[in-house]
Amino acid sequence: MERSRPPPRKSRGTSIFASITRVFVPRRASDQSIDKPDNNELERRGSSWDLIRCVEVIETLQGAVGLSSEQQTAISQLRHSATATSRRLSKKPSAGSKFRRDAKFFGAKSRGSPLLTTELLRCFTEVEEDDDADQRQNVTAILATFGGDIFEGVPSIAPHSTESLGSKIPEESGHSLHLDTSARSLNIDSLHRYDSEVSLNRETVDSARRDAATCITPLHLTGSLVHLFDESADKLFSSQTVFCPPEWNALTKKARKSLTGLLSWENLSRWDFNILEVSAASGDIMKNLSASDADGMLEGKQHCPLLFVGWAVLCAPYAQQAMEGSLGDNKNEIEEDGDPPADFPYNFVDNLKISPAAVCNFLRQIEGLYVSSLPYHNNEHAADVTQTLHSLIQMMGQENLDGLYDAIDIFSILLAATFHDVGHKGMNNLYQKNARTDLAIQYNDSSILENMHSAVGNSFLMGKDKRKEWDVLKEWSEGQKEQARDVMIFSVLGTDMSKHFESMGELASLVEKVRADDTANGNGGGNGVDGPRPILSVLLDAFDKKREGIEAPSEKECTRLAKLLLKFLLHAADISNPTKDRELAIYWADRALAEFFAQGDLEEADGIPISPMCDRRTVKRADSQIGFGKFVIRPTYLLLAEILPRVKDEVLPIIDDNINYWVRTKARLSSLALGKSLAKATRQVRVSRNKKSSIDEGDEDEESGESEGDESDKDEHSADGAT
């Protein structure tokens with residue numbers, strides 16, 4: 001194939017972003033070949049799709065457009081990336097590489113997902129046509145954060161130079177710019193080191209640097225609580241003894257009544273569940289607390305939403321029975337309402353021989369290792385993710401849930417949700433990598449925090465930190481423990497945000513493969529009017545045939561899809577904040593940005609590149625949420641809607657409403673800014689006019705004075721003549 005001619009030279013007004021966008025926007029499925037594009041396509045887009053061509057276009061504009069040193073650095077990075085991309089693509093010049101370049105993020109070697117390609121193409125087009133520099137910058141940062149760099153040609157974020165950042169810190173401050181990675185153990189005191197929200201000062205920066213990557217040691221319960229466990233555990237499986245954690249008994253009756261309603265099975269399964277209400281009520285402790293009621297509670301931890309939500313979900317329906325029983329006049333008399341229905345969802349206590357006391361003790365340990373003073377990655381977030389995951393699981397429907405997964409799978413991923421961010425200190429993987437922390441060295445820069453979270457949780461369950469007080473899996477066989485460990489590790493590692501597009505692409509490809517094979521076998525679609533079968537029905541049918549020893553179409557794909565779906569549900573729950581009611585969405589957005597900016601301040605102080613979305617000087621609140629909603633959240637839940645139909649009606653409308661809210665907010669702020677600029681300009685014009693008027697009046701006064709002087713001279717001359 002002949003080398004295509006270079007694109008026509010761009011004028012000064014040409015959008016640089018438009019040139020870049022042509023490279024990484026997924027091409028339409030209707031584009032059959034890149035070898036023989038028609039003349040109109042060549043005229044409209046230019047004859048080359050390579051990133052290197054876009055860089056050439058940008059470089060031609062450097063002389064016409066004044067660029068800062070940081071922008072010039074970014075262009076040089078693009079040139080380096082373009083050269084590497086060109087070399088890589090030159091090795092595979094076949095026409096079949098079309099989707100490898102443009103839809104590589106789908107994880108498929110030969111085909112992508114039309115659904116996601118269409119959605120992302122629409123988003124890219126909107127951003128390109130909007131001609132908004134702030135929005136483009138935020139979109140690029142979001143793509144970099146969520147693994148969008150696997151789009152061929154996506155420009156990387158130009159980091160702040162270490163030299164310029166370091167120069168901002170006075171030498172006399174004695175502030176070291178190098179991370180102290182000396183090995184040390186992390187105890188509970190260092191985990192709760194932050195007494196207030198992170199701010200950029202020497203004490204906070206040094207503290208954050210010291211604690212960025214450390215090991216975690218378990219808490220220890222008081223002897224009386226251990227005794228309580230020993231007395232109740234042996235009775236549990238024979239009599240279904242109802243158990244309430246000490247934190248529950250310490251609440252006021254009003255708080256217990258409120259939480260009993262909030263943590264009911266029906267409310268726990270709702271999408272509009274409000275974790276902030278649970279967190280607030282969990283801190284309403286009796287003023288005159290007796291020593292027996294306070295015994296066993298985590299010291300200094302007044303709010304325990306994770307403990308209560310985890311207890312309510314994992315120990316249902318016995319947890320709900322205990323809550324209702326505690327509302328009696330005598331809180332020590334907790335009545336049992338009889339055995340739950342045999343088909344009650346989950347019922348892990350009976351089906352898996354789970355001890356409610358052990359579950360609560362485990363949750364207490366895990367919640368104690370969350371840094372509650374962090375704006376975002378705290379125990380409220382963990383509780384929120386646990387409840388959201390439970391809600392998504394319930395959207396499957398009980399028949400599908402029972403047919404596709406056993407109780408160990410569901411229990412394990414719900415338990416994993418409780419510790420999916422345990423020990424998080426407010427600095428993400430990119431910080432760990434750039435700062436070369438102990439964690440980054442230990443986990444070889446690969447899913448650093450996710451590996452740590454999984455290791456900590458599994459250590460309390462099966463490793464060196466396991467104690468009989470919280471041995472949740474005590475009654476399980478080794479095979480069951482291995483199955484649970486596999487689910488927990490797989491799902492927690494799946495919360496790595498940099499793998500988002502890769503995971504989404506693999507899931508989308510499997511959905512389309514399974515659906516296409518099912519249609520090809522005459523099960524829906526084709527000439528029918530009902531369309532393809534629901535994907536969960538296809539999976540259920542395949543699993544039923546497998547249990548009967550009958551080979552089903554796409555059996556391997558169905559098994560893989562079911563496993564990936566469970567992992568993806570935890571990831572979707574982890575990023576679900578923009579899918580909640582507006583009040584909650586705004587709350588979490590502000591908390592996340594506060595934590596990101598604190599990390600950016602720390603990175604600047606340490607002289608390392610500021611991570612995407614962490615620079616408070618460039619990230620705009622509304623723009624960040626618009627880009628996050630359009631490019632990450634909406635495509636994610638569109639894909640889930642293909643699998644869980646309830647998502648389409650219950651979740652997608654909220655996402656669209658929240659995106660529209662941020663768009664309106666941005667427009668309102670832009671109008672206010674424009675109004676202020678116009679008012680300022682108007683004031684300047686008035687001042688200028690007033691000055692000019694004053695000058696003109698002064699000139700007139702001088703001229704008038706001169707005229708009067710001339711007249712008086714004439715009069716004097718006349719008088720002299722007369723004399």
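Residues numbered from 1 in each chain as written. Predicted model: local features only at pLDDT ≥ 70, side-chain atom pairs only at ≥ 80, totals over all residues. Heavy atoms only, no water.

1. Brief notes about the overall build of the protein
How we decide: Secondary structure elements are defined from DSSP: runs of H or I of at least 4 residues count as helices, runs of E of at least 2 residues count as strands, and each element is numbered from the N terminus. Here a residue-residue contact requires only that any non-hydrogen atoms of the pair lie within 4.5 Å. Note on areas: Shrake-Rupley with a 1.4 Å probe; residue coverage comes only from the protein chains shown.
Counting secondary structure elements, the protein contains 34 helices and 2 strands. Long-range contacts, defined here as pairs at least 24 residues apart, represent 79% of the contacts in the protein between residues at least 6 apart. Here the protein displays about 34300 Å² of accessible surface, and carbon together with sulfur accounts for 49% of that area.

2. Notes on the packing of helix α20 (residues 356–368) against helix α26 (residues 448–462)
Two measures define how a pair of helices packs: the angle their axes make with one another and the distance between the axes. This is how it is decided: Angles shown run from 0 to 180 degrees and are taken between the N-to-C directions of axes, each axis being a line fitted to C-alpha atoms and, for helices, limited to the stretch in contact. Should an angle lie under 35 degrees it is considered roughly parallel, over 145 roughly antiparallel, and from 65 to 115 roughly perpendicular; all remaining angles are considered oblique. Helix crossings are classified by the rotation of the near helix relative to the far one: an anticlockwise turn of less than a right angle makes the crossing left-handed, while a clockwise turn makes it right-handed.
For the pair α20 and α26, the least separation of the axes is 11 Å and the interaxial angle reads 150°. Judged by the angle between their axes, α20 and α26 are roughly antiparallel. Between α20 and α26 lies a crossing whose hand is right-handed. Contacts between α20 and α26 involve Phe 362, Gln 365 and Ile 366 from the former and Gly 457, Phe 460 and Leu 461 from the latter.

3. Points about α20
To keep things clear, this is the line we draw: To estimate how far a helix should reach, multiply one less than its number of residues by 1.5 Å. Working definition: with a 1.4 Å probe on protein chains only, accessible area under 20% of the residue-type maximum means buried, over 50% means exposed, and in between means partly exposed.
Here α20 is 13 residues long and its end C-alpha atoms lie 18 Å apart, about the 18 Å a rise of 1.5 Å per residue gives. Of all 13 residues in α20, 13 are buried, a share of seventy percent or more.

4. With respect to helix α15 (residues 275–282)
Applicable threshold: The directions considered for the arc run from the helix axis to the C-beta atoms. Contacts described as polar in this section are N or O atom pairs within 3.5 Å, which, within protein, must combine one atom able to donate a hydrogen with one able to accept it, while residues neighboring in sequence count only if both atoms come from side chains.
Three or more residues of α15 are buried, namely Ile 275, Val 278, Ser 279, Ala 281 and Ser 282. Along the axis of α15, the buried residues cluster in a sector spanning 170°; they form a single face. Looking at the buried residues of α15, the elements they touch are α13 (253–262), α17 (305–314), α21 (379–394) and α31 (582–606). Capping the start of α15, Asn 274 holds a side-chain oxygen 2.9 Å from the backbone nitrogen of Leu 276, two or three residues further along.

5. Focus: the packing of aromatic side chains
To keep it simple, the criterion reads: Pairing of aromatic rings covers Phe, Tyr and Trp, the last counted by its six-membered ring, and requires centre-to-centre distances within 6.5 Å; plane angles under 30 degrees mean stacked, over 60 mean edge-to-face, and any other angle means tilted. Put simply, a charge is over a ring when the Lys NZ or the Arg CZ is close to the ring centre, within 6 Å, and near the line of the ring normal, within 35 degrees.
Under the criterion given, the structure shown has 14 aromatic pairs. Geometrically, the ring pair formed by Phe 308 and Trp 311 is tilted, given 6.5 Å between the ring centres and 50° between the ring planes. Pair noted here: Phe 308 and Trp 311 are both in helix α17, with a separation of 3 residues, about one helical turn. For Phe 308, a relative accessible area of 0% gives the class buried. Measuring from ring centre to ring centre gives 6.0 Å for Phe 460 and Trp 470, while their planes differ by 45°; the resulting arrangement is tilted. With a gap of 10 residues between them, Phe 460 in helix α26 and Trp 470 in the loop between α26 and α27 (478–493) connect regions that are remote in the sequence. The two residues Phe 460 and Trp 470 agree in class, both being buried. Aromatic rings pair up to connect Trp 265, Tyr 346, Phe 348, Phe 411 and Trp 476 into one cluster. Here the basic side chain of Lys 563 rests over the ring of Phe 490, its NZ or CZ set 4.8 Å away from the ring centre.

6. Structural notes on the nonpolar core
To keep things clear, this is the line we draw: The term nonpolar core refers to a set of buried residues drawn from Ala, Val, Leu, Ile, Met, Phe, Trp, Tyr and Cys, joined through side-chain atoms within 4.5 Å.
Judged by nonpolar contacts, the single largest core of 143 residues is most densely connected at Leu 263, Trp 311, Phe 362, Phe 411, Phe 419 and Tyr 637. Per-element tally for this core: the top contributor is helix α30 (residues 555–574), with 11 residues. Once you skip the residues sitting within four places of it in the chain, Phe 411 turns out to touch Leu 314, Phe 348, Leu 352, Ile 354, Val 472, Leu 473 and Trp 476. In terms of nonpolar packing, the next biggest core, distinct from the first, is built from 6 residues, Ile 586, Ala 589, Ala 622 and Ile 626 among them.

7. What to know about the pattern of salt bridges
For clarity, the threshold we go by: Think of a salt bridge as a Lys or Arg side-chain nitrogen and an Asp or Glu carboxyl oxygen that are within 4 Å of each other.
For the structure on display, the rule yields 22 salt bridges. Its salt-bridge partner being Asp 465, residue Lys 464 comes within 3.4 Å of it at the nearest N-O pair. The exposed category is assigned to Lys 464, whose relative accessible area is 64%. For Arg 533, the salt bridge goes to Asp 518, with nearest N and O atoms at 2.7 Å. Residue Arg 533 is found in the loop between α28 (500–520) and α29 (535–547), and its partner Asp 518 is found in helix α28; the two are separated by 15 residues along the sequence.

8. Notes on the packing of α17 against α20
Counted only if it meets this: Throughout, the ten residues Ala, Val, Leu, Ile, Met, Phe, Trp, Tyr, Cys and Pro are labelled nonpolar, Asp, Glu, Lys and Arg are labelled charged, and all others, Gly among them, are labelled polar.
Orientation of α17 relative to α20, taken along the N-to-C sense of each, is 150°, at an axis distance of 9 Å. In terms of orientation, α17 and α20 fall into the roughly antiparallel class. Once α17 is placed against α20, the crossing between them reads as right-handed. Judged by residue contacts, Pro 305, Leu 306, Leu 307, Gly 310, Trp 311 and Leu 314 of α17 engage Val 359, Cys 360, Leu 363, Arg 364, Ile 366 and Glu 367 from α20. Looking at side-chain class alone, the contact of α17 with α20 contains 9 nonpolar, 1 polar and 2 charged residues.

9. Focus: the side chain of Gln 394
Inspection of the secondary structure assignment puts Gln 394 in helix α21. Here Gln 394 falls in the buried class, since its relative accessible area comes to 15%. Those residues in contact with Gln 394 that sit more than four places away from it in its chain are Trp 265, Ser 269, Pro 345, Tyr 346, Leu 401 and Arg 646.

10. Focus: the environment of Ile 366
Following the sequence through the fold, Ile 366 ends up in helix α20. Ile 366 sits in the buried class, given a relative accessible area of 0%. Measuring from C-alpha to C-alpha, the distance between Ile 366 and Phe 460 comes to 8.6 Å, with 94 residues separating the pair along the chain. Residues contacting Ile 366, with those up to four places away along its chain left out, are Leu 306, Thr 418, Phe 419, Val 422 and Phe 460.

11. Considerations on unusual backbone geometry
Cis geometry is found at the peptide bond from Ala 316 to Pro 317, where omega equals 0°. Mapping Pro 317 onto the fold places it in the loop between α17 and α18 (318–325). Phi at Asn 347 is positive, roughly 50°, even though this residue is not glycine. Along the chain, the position of Asn 347 falls in the loop between α18 and α19 (348–351). The phi dihedral of Asn 444 falls on the positive side, at around 55°, and the residue is not glycine.

12. Concerning the environment of Gln 302
Mapped onto the elements of the fold, Gln 302 is located in the loop between α16 (291–294) and α17. Between the alpha carbons of Gln 302 and Ile 285 there is a distance of 7.8 Å; along the sequence they are 17 residues apart.

13. Some points on the side chain of Thr 495
Tracing the backbone through its elements, the reader meets Thr 495 in the loop between α27 and α28. Separated by 2.6 Å, the side chain of Thr 495 and the backbone oxygen of Val 492 make a polar contact. Non-local contacts of Thr 495, meaning those with residues more than four positions away in its chain, are made with Glu 450, Leu 570, His 571 and Asp 574.

14. With respect to the state of the cysteines
In a disulfide, the sulfur atoms of two cysteines are covalently bonded to one another. Put simply, the test is: We call a pair of cysteine sulfur atoms a disulfide whenever their separation is within 2.5 Å.
Applying the stated criterion to the full structure yields 0 disulfides. The cysteine Cys 360 is free of any disulfide, with Cys 315 supplying the nearest cysteine sulfur at 5.5 Å. Classification of Cys 360 by relative accessible area gives buried; the value is 0%.

15. Section: the confidence of the model for the protein
Counted only if it meets this: A residue's pLDDT is the confidence the predictor assigns to it, expressed on a 0 to 100 scale.
Scored by pLDDT, the protein has a mean of 75; 61% of the residues are at 70 or more. Segment residues 152–240: pLDDT under 50, and 193 contacts once partners within four positions in sequence are set aside and those in other chains are kept.

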